[in-house]
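Chain by chain, the residues run as shown.
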Amino acid sequence: MKNSSSKSKASCQPKFNEGEKILCYHGTYIYEAKCIKFEKTRSNEYQYFVHYNGWNKNWDEWVPAKRVLKFNSENIKKQKQIQNECKKKVTHNGKKNAKHKEDISSCSSTCSASDTASLSYSSERSILRTRKRTLNANACQESVEKKKICILDLSVKDGEKLNSETKLKNVNIVIPESLRLWLIDDFDFIIQQNKIVRLPSKNNIEKIFDNYVESKKNQYLIEDLDKNGFELEKKYSNKIDETIDGLIKFFNAMLGSQLLYKFERLQYSELLQFNKPMSQLYGPVHFLRLVEKLNQILSSTSLVEGESLDSLVYFINDILVFFEKNINLFFEQNDYITVPPFYIRATI
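What counts and how
Residues numbered from 1 in each chain as written. Predicted model: local features only at pLDDT ≥ 70, side-chain atom pairs only at ≥ 80, totals over all residues. Heavy atoms only, no water. Salt bridge = Lys/Arg side-chain N within 4 Å of Asp/Glu carboxyl O. Helix = DSSP H or I, 4+ residues; strand = E, 2+ residues; numbered from the N terminus. Pairing = 2+ DSSP bridges. Buried < 20%, exposed > 50% of the residue type's maximum accessible area, 1.4 Å probe, protein only.

**Description of the pattern of salt bridges**
Taken as a whole and assessed by the stated rule, the structure comprises seven salt bridges. The closest approach of N and O atoms between R67 and E61, which form a salt bridge, is 3.0 Å. A salt bridge links E264 to R289; the shortest N-O distance between them is 2.7 Å. Of this pair, E264 sits in the loop between α8 (229-258) and α9 (265-271) while R289 sits in helix α10 (residues 284-299), and the two are 25 residues apart along the sequence. Connected via shared salt-bridge partners are D186, E264 and R289.

**Some points on the pairing of strand β2 (residues 29-40)**
Across six bridges, strand β1 (residues 21-26) lies against β2 in antiparallel orientation. Bridge pairing in β2 places K21 opposite K34. From the end of β1 to the start of β2, which pair antiparallel, there are two residues, and G27 there has a positive phi angle of about 70 degrees. Strand direction decides the pairing type here: β2 and strand β3 (residues 46-52), joined by seven bridges, are antiparallel. When the sheet's bridge partners are listed, K40 is paired in β3 with Y46. Taking the residues that link successive antiparallel strands as the turn, the β2-β3 hairpin has five residues, and the phi of N44 there is positive, at about 65 degrees.

**What to know about unusual backbone geometry**
Residue P200 is bonded to the preceding L199 through a cis peptide linkage, with omega at -5 degrees. Positive phi outside glycine occurs at N44, with the angle close to 65 degrees. Even without a glycine there, the phi angle at N194 is positive, about 55 degrees. Of note, N194 is situated in the loop between α6 (177-192) and β6 (195-197). Residue class for N194 comes out partly exposed when judged on its relative accessible area of 27%.

Okay, structure coming up:
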């Protein structure tokens, strides 16, 4: 009896303590991390709030116990083994495309000078050194379907159902895992591999938002409209237009000071010569960088409150679902280009 009781007490104890150095799965890779705190869930299991060493605290997250490993020689060996296996896969795929050369003449006359010059150097570093995505297409589609938000929620008077939905999610903007992996790769491309995003983007922010708005207005039609149906549909149309317009203005205001790595600022200064809104030049990955900061921004400002905040969170989450559904169209490894030596020297 004593042995059984001691075992049950041991099972109730967390496996990892606050401040403990650990290893943690994120996607395919295992990263060094630190256990910040822990808590017991409703299922009577522990989850851990972790900080990934060397990463911004925006990546801190709650993870289940199955993703956390003890920091010991055995698990460190496992971490290195996974890294080596992924490197072999990437190198093998890169060699298949080593003979591929980009056609400089296909570059649009609107491309920046650094963009055009960098094309001639692209063949020198054609082997991609980023993780392969192992997401199954069918599983991705299922997750997209589950995350869809029905616009009929707006049919409730004054958006009461919409408000309750966002409050249930604690007014939280959630970036899907597949898009978070792109943010990690984005960091790797620019900081580790000295690449920049090809600009102007073929899928700029305004173009993507236009497609999103069109899909929402055409795809989801409110059936069996009553006498107030027209006003309801008009209310939804106006709300989505106002939200998108606000997001574009906010993106343009934030880009230069908050959304660029130091390595990208030379490119940004060249793009200012076009005298166009940045939302017509930059693409989806830079918008994801903005979304990553929005939880903190919205929680610390009084500029957006109440129903306006609920609507904003609602549409941002829905836009992220749209991004995830079109991830192969909006996010490509070929969107990153290797810069010439003069660009690197100018940024030092």
